Amino acid sequence: MQQLKELYSRWSGAEPALIEKLPGAGSNRIYYRLTDGEGHSVIGCIGTSREENHAFVALARHFHAKGLPVPEVLAVSDDEVRYLQTDLGSTSLFDALRRGREAGGQYNEEEKELLRQTIRMLPRIQFEGAQGLDFSVCYPQPQFDETGVMFDLNYFKYCYLKATGIDFHELRLEEDFRQMAHDLTSFQGDTFLYRDFQARNIMIAPLSFIDFQGGRRGPVYYDLASFLWQASARYPQELRQELLDVYYAETQRYTQMPPREEFDNRLRLFVLFRLMQVLGAYGFRGYFERKQHFIDSIPPALQNLRELIGQAQLQGNRYPYLMEVLGKLTAQQSNQSVSLPRREGPGESLERPLVVRIFSFSYKKGIPQDESGNGGGYVFDCRSTHNPGRYEQYKQLTGLDAPVIKFLEDDGEILTFLESVYKLADFHVARYIERGFTSLMFCFGCTGGQHRSVYSAQHLAEHIHKKFPEVKVCLCHREQGIEQSL
């Protein structure tokens, strides 16, 4: 946080009068609104991936120079971990459509007009944005390709399909996956694929694009499928068809599109791929991370899939085994009943929960031993973060005391450090539960085992306890002689 304030001060010539942390949106980036004494604000971002930040900054500058409606990058730190951008307000298209969404897709005329305006804007960033763009700046890859498609298809297989318990022949499914990957990547064009074109990433005052850092060169159909078949939106077929007509007409300003029937057939293939992709994400977040919100998103996604595979125009003969499996899937899981499954590994039961042991320690006294007999686990070095033990007023306190907590959180380095730890821990704990394992260990070390390591261990323990209530968490601040179970 201190470094972000310094970046703002260098850019504006004065410190911000007010700093407000903005709600998280599922990414590893933390956003703040920094306001001066006259009420003018900018958005500050702290990211954990320099490469991802570099991609956003490069793309934003390119798009802004072409007059596209994106935030202007105002200042970037030397290490590219932090940057400032113009403030586009707090209201997204997702917020503006809340009434119609909660009414089950019964959108009023004002909401429909917002959707029409948005879909007219999409070709601008796809076609105009691609002109003169150096796609090598894109992260994590410059182009939509078969490797990326296969990753997403296998994500669907392992994180969703296997969790449903449906039997299938892996090699036959793999053959259809490879055919689909080939077909999807045969429609390449010199256009920008936004990849995360959704209502949350469109601001409405005025209509503007944000969060395009995952974009790359790729086919236009992907973004259209992502937007119009978003499960939670529940767009009625009539409205979806109208928006498709608007988009198809708008793209004629930029290129000669294929005949409408061919266009629609290509789009259906991307819709199928996109629905499998999001079911993989919902499966991981719901079945493995135990987040009910994502479980609740599965029925409308399944309904979209059920409607799609019922269309005769879909080229099911190119993927016969995949279509057979998807038919079983949509028949097995009704539109009304999807719930968290029991998770039992071979020879294990829910009577033997996963035990997560978390330690804080001093490197001077050695790394804690794993008494479970399994070996392994994670050891995190906290010594890269600002040390409150260097200051006299904190020397007799620990990372459990309010003044030390305030020091660490105001500085902000420990928060960025823990964001990465949480992401890694969440995935590992979820997989250990799913596989029926019973022991996992995390250790945090610093110089004295008193401040930074204690704070980190305590917060990871509370994070895991809150997110995975079925897990037994055993916390030990070794150098402080404190042990507790959560």
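As the structure is a prediction and not an experimental result, all values here were calculated from the model. (Residues numbered from 1 in each chain as written. Predicted model: local features only at pLDDT ≥ 70, side-chain atom pairs only at ≥ 80, totals over all residues. Heavy atoms only, no water.)

We now examine the overall build of the protein chain. A tally of regular secondary structure across the protein chain gives 15 helices and 14 strands. Whereas a compact globule of 486 residues would reach a radius of gyration of roughly 23 Å, the protein chain reaches 25 Å, a difference of no more than 12%. Split into buried and exposed, the 486 residues of the protein chain put 51% on the buried side. In the protein chain, 71% of the contacts between residues at least 6 apart in sequence involve partners at least 24 apart. Accessible area of the protein chain: about 22100 Å², with a carbon and sulfur share of 48%. Charge separation in the protein chain, taken as the distance between the mean sites of 55 positive and 63 negative side-chain charges, equals 3 Å. (Helix = DSSP H or I, 4+ residues; strand = E, 2+ residues; numbered from the N terminus. Rg over C-alpha atoms; globule rule 2.2 N^0.38 Å. Buried < 20%, exposed > 50% of the residue type's maximum accessible area, 1.4 Å probe, protein only. Contact = heavy atoms within 4.5 Å. Areas by Shrake-Rupley, 256 points an atom, 1.4 Å probe, with all protein chains shown as cover. Lys, Arg positive; Asp, Glu negative; His and termini not counted. Charge placed at Lys NZ, Arg CZ, Asp CG, Glu CD.)

Glancing now at the packing of helix α5 (residues 109-128) against helix α8 (residues 221-228). The interhelical angle for the contact between α5 and α8, taken along N-to-C directions, is 160°, at an axis separation of 11 Å. As the angle between them shows, α5 and α8 are arranged roughly antiparallel. Taken as a pair, α5 and α8 cross one another with a handedness that is right-handed. In this structure, α5 uses L115, T118, I119, L122 and Q126 to contact α8, whose residues at the interface are D223, L224, F227 and L228. Classifying every residue of the contact of α5 with α8 by side-chain character gives six nonpolar, two polar and one charged. (Axes fitted to C-alpha atoms, helices over the stretch in contact; angles between N-to-C directions. Parallel < 35°, antiparallel > 145°, perpendicular 65-115°, else oblique. Left-handed = near helix turned anticlockwise from the far one by under 90°. Nonpolar A, V, L, I, M, F, W, Y, C, P; charged D, E, K, R; others polar.)

This paragraph deals with the nonpolar core. Grouped together as the largest cluster of nonpolar side chains are 96 residues, with contacts concentrated most on F192 and F212. For this core, the element with the highest residue contribution is helix α10 (residues 260-288), accounting for 13 residues. Ignoring anything within four residues of it in the chain, the contact list for F192 reads L59, F63, I125, Q126, A130, L133, F135, F212, G215, R216 and D223. Core analysis: the next-biggest nonpolar cluster, separate from the first, contains 34 residues, V356, C382, I414 and Y422 among them. (Core = buried A, V, L, I, M, F, W, Y, C linked by side-chain atoms within 4.5 Å.)

So, about the pattern of salt bridges. All chains considered together, the criterion is met by 30 salt bridges. R124 is the salt-bridge partner of E128, the closest N and O atoms lying 3.6 Å from each other. Residue E128 and its partner R124 are located together in helix α5, separated by four residues, close to a single helical turn. For E128, a relative accessible area of 18% puts it in the buried group. For R124, a relative accessible area of 27% corresponds to the partly exposed category. Residues E262 and R266 are paired through a salt bridge, measuring 2.6 Å at the closest nitrogen-oxygen approach. With a gap of four residues between them, E262 and R266 both fall in helix α10, about one helical turn apart. (Salt bridge = Lys/Arg side-chain N within 4 Å of Asp/Glu carboxyl O.)

Turning our eyes to something else, we now look at helix α15 (residues 452-467). A rise of 1.5 Å per residue sets the reference length of α15, with its 16 residues, at 22 Å; its end C-alpha atoms lie 22 Å apart and thus fit the reference within 8%. Along α15, the residues classified as buried are R452, S453, V454, Y455, S456, A457, Q458, L460, A461, I464 and K467. (Expected span 1.5 Å × (residues − 1).)

Moving on: the sheet that holds strand β12 (residues 439-446). Pairing within the open sheet is mixed, and its five strands lie in the order β11-β12-β10-β13-β14. Only two strands of the sheet have a single partner each, and these edge strands are β11 (378-381) and β14 (482-485). The sheet shows a mean angle of 15° between the axes of neighbouring strands, direction not considered. Taken together, the six bridges between strand β10 (residues 355-362) and strand β13 (residues 472-477) define a ladder with parallel strand orientation. (Pairing = 2+ DSSP bridges.)

Before going further, it helps to spend a moment on the confidence of the model for the protein chain. For the protein chain, per-residue confidence averages 89 on the pLDDT scale, and residues scoring 70 or more make up 92% of the total. Across residues 342-351 the pLDDT falls below 50, and counting only partners more than four positions away or on other chains, this stretch makes 15 contacts in the model. (pLDDT = per-residue confidence, 0-100.)

Our next topic: the pairing of strand β4 (residues 73-76). Relative to strand β5 (residues 82-86), β4 runs antiparallel, the two sharing three bridges. Looking at β5, one finds that V76 is bridged to Y83. In this antiparallel pair of consecutive strands, β4 and β5, the connection spans five residues, and E80 shows a positive phi of 60°.

Bringing the sheet that holds β5 into the picture now. The strands making up a sheet are joined through hydrogen bonds of the backbone, oriented either antiparallel or parallel. The five strands lie next to each other as β1-β2-β3-β5-β4, forming an open sheet whose pairing is antiparallel. Looking at which strands have only one partner, the edges of the open sheet turn out to be β1 (18-21) and β4. Going from strand to strand, the sheet's axes swing by 25° on average, the running direction of each strand aside. Along the sheet, helix α1 (residues 2-12) contacts β1, β2 (30-35), β3 (41-46), β4 and β5; its crossing angle with β5, the most-contacted strand, is approximately 50°.

This next bit is on the environment of A331. Examined against the element boundaries, A331 turns out to sit in helix α12 (residues 320-332). Sequence spacing of A331 and T91 is 240 residues, and the spatial spacing of their C-alpha atoms is 39 Å.

Attention now goes to the packing of aromatic side chains. Aromatic ring pairs are described here by two measures, namely the spacing of the ring centres and the angle between the planes. The final tally for this structure, using the stated rule, is 34 aromatic pairs. Summarising the aromatic geometry, the rings of Y194 and F197 are spaced 5.3 Å apart at their centres and angled 70° between planes, so their arrangement reads as edge-to-face. With a relative accessible area of 0%, Y194 lands in the buried category. On the basis of relative accessible area, F197 is assigned to the buried category, the value being 1%. Centroid distance F380 to F444: 5.3 Å. Interplanar angle 25°. Geometry classified as stacked. You can see F380 sitting in strand β11 and its partner F444 sitting in strand β12, a full 64 residues away along the chain. Overall, the relative accessible area of 12% leaves F380 in the buried class. Among the aromatic side chains, those forming a connected cluster through ring pairs are F56, F63, Y83, Y107, F192, Y194, F197, F209, F212, F227 and Y235. (Phe/Tyr/Trp six-rings, centres within 6.5 Å; stacked < 30°, edge-to-face > 60°.)

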